[in-house]
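# Survey of secondary and tertiary structure
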Amino acid sequence: MYTVPLYPLSAQDPETLDRGDVKIECAADLQIVEFNSTKPYKVVVTQDQTRKHEIKLKALDPTFSANYTWELGSGTIVTFKKYWNLYPNELAALDGVSYISGAFFMPPNNSDFGETNGVILLKDNSGEKDLRQAQVFFEKDAPSYWNPNEPNWSYYWKQFVDLKEINKIIFVPNIKSKCPTSEHACTAINIRDFSNLNTYYSQKFSEEIYISPTAKGLHAFLAMLAHENHHIVIAKQFWPNGYTGNQDLDGDGILDDEDGDTYPNWFETSDIGKKYKFKLNNKFDKFGGIEILDDGTEVLSSGTMYEEDECNKIALGINQKIYDKLDWSFDVKNLFQGKNWQK
């Protein structure tokens, strides 16, 4: 038998649901004792049907009522609503193996993962029931069900990150088609029009970066976003209303960007400009360019050195853990593992 509590249970309430270590209902008979994919009460949705993430199931029932049914969804014993499809469909054992199929459907929202739809319901043919709380994860690098041209991590992570000055972030399978000089990301900045600022990024955006060697997975993603965003911040600091370097707004008789390298004259002659060896009448200071020294040596332009240093400082200074609780990714290779899976 089981007793229904006098207060409602919620899949979002840690006081009433757990991850398997504490009983939810007072079940005198039927009891769930195991539901896991290598980690207790943590399971992964299978998209590649040739490599299933097996879920070990186990329960106890002294009455042996038979015809058991396992379901996974949300709610309470009274309000339970099935969300996932557990296979095989006719699993009727107290001790067995199952898996969650994501072949024909994956949740549209990142918030559908984790504990939201991770309530396990076990019932038998006599009406006995038991509940436990689990967490549901997605395969990090599997193609998105909603957009097969991008991986799951891209589709789900971009739902909760703060883009700040960036208008849109776009995954590119071949990053060199958009960012010839980068393996990670680049941002298309038209300094004359800040209305369409897109950042293009690759698989490496979700793995590790040179900026912060300790930043892996989601943390690398956040660091690179901060880096790319700051390129926009710099451009807007120089040209708040769009590029006006081809005008003489300060009235000194020369164009405000005399050499057309996209950096205003006042900045090139400032202390920071001098530190990075900016020069008036030198168009090669432009970001992304190469300068040739008197001895013929090629070096990165002053604009490149300045902006990369400034953007890297910002990337290193962010709170990389701010979204850890929203990361429901699972890395099959266990190289850039999801933050909630690591807990």
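Just above sits the structure.
Nothing here was measured: the structure is a model prediction, and the numbers come from that model. (Residues numbered from 1 in each chain as written. Predicted model: local features only at pLDDT ≥ 70, side-chain atom pairs only at ≥ 80, totals over all residues. Heavy atoms only, no water.)

### Brief notes about helix H5 (residues 302-317)
In plain terms, the rule: Helix and strand labels come from DSSP, where a helix needs a run of H or I of at least four residues and a strand needs a run of E of at least two; each type is numbered from the N terminus. Each helix should span, by expectation, one fewer than its residue count multiplied by 1.5 Å. For the exposure calls, accessible area comes from a 1.4 Å probe over protein chains only, and a residue counts as buried if that area is under 20% of its type's maximum, exposed if over 50%, partly exposed in between.
If you check H5, its first and last C-alpha atoms are 23 Å apart, about what 16 residues at 1.5 Å a residue would give, namely 22 Å. All buried positions along H5 are accounted for by Ser302, Gly303, Thr304, Tyr306, Glu307, Glu308, Glu310, Cys311, Asn312 and Ala315.

### So, a nonpolar patch on the surface
Put simply, the test is: The patch calculation keeps residues exceeding 30% relative accessible area without a salt bridge and links them within 9 Å when they carry like charges or within 5 Å when they are nonpolar (Val, Leu, Ile, Met, Phe, Trp, Tyr). We get accessible surface area from the Shrake-Rupley algorithm with a probe of 1.4 Å; when it comes to residues, only the shown protein chains can shield them. For salt bridges, the criterion is a side-chain nitrogen of Lys or Arg within 4 Å of an Asp or Glu carboxyl oxygen.
A grouping of Phe104, Phe105, Tyr145 and Trp146 is seen on the molecular surface, where their side chains present a nonpolar patch of about 460 Å² in accessible area. For phenylalanine 105, a relative accessible area of 35% puts it in the partly exposed group.

### Thoughts on the nonpolar core
Selection criterion: Within this scheme, the nonpolar core is defined by two criteria: the residues are buried Ala, Val, Leu, Ile, Met, Phe, Trp, Tyr or Cys, and they are joined through side-chain atoms within 4.5 Å. Working rule for contacts: check all heavy atoms of both residues, and any pair within 4.5 Å makes them a contact.
Among the nonpolar cores identified, the biggest contains 68 residues, and Phe35, Trp70, Ile100, Phe113 and Phe221 are the most heavily contacted of them. Looking at this core, the element that brings in the most residues is helix H2 (residues 218-238), giving 11 residues. Once residues within four sequence positions are removed from consideration, phenylalanine 35 is found in contact with Pro40, Tyr41, Lys42, Val43, Ile55, Lys56, Leu57, Trp70, Leu72, Ile120 and Ala134.

### Details of the sheet that holds strand S13 (residues 168-171)
Our working definition: Only strands that DSSP links by at least two bridges are regarded as paired with each other. Under this scheme, a helix contributes an axis fitted over its contacting stretch, all axes are lines through C-alpha atoms, and angles between N-to-C directions fall in the 0 to 180 degree range.
Ordered in space as S13-S15-S14, the three strands form an open sheet in which the pairing is mixed. Edge positions in the sheet fall to S13 and strand S14 (185-188), since each of these pairs with one other strand and no more. Recorded for the sheet is a direction-independent mean angle of 20° between the axes of neighbouring strands. Where S14 meets strand S15 (residues 198-201), four bridges bridge the pair, whose relative direction is antiparallel. Residue pairing for S15: alanine 188 is matched across the bridge by asparagine 198.

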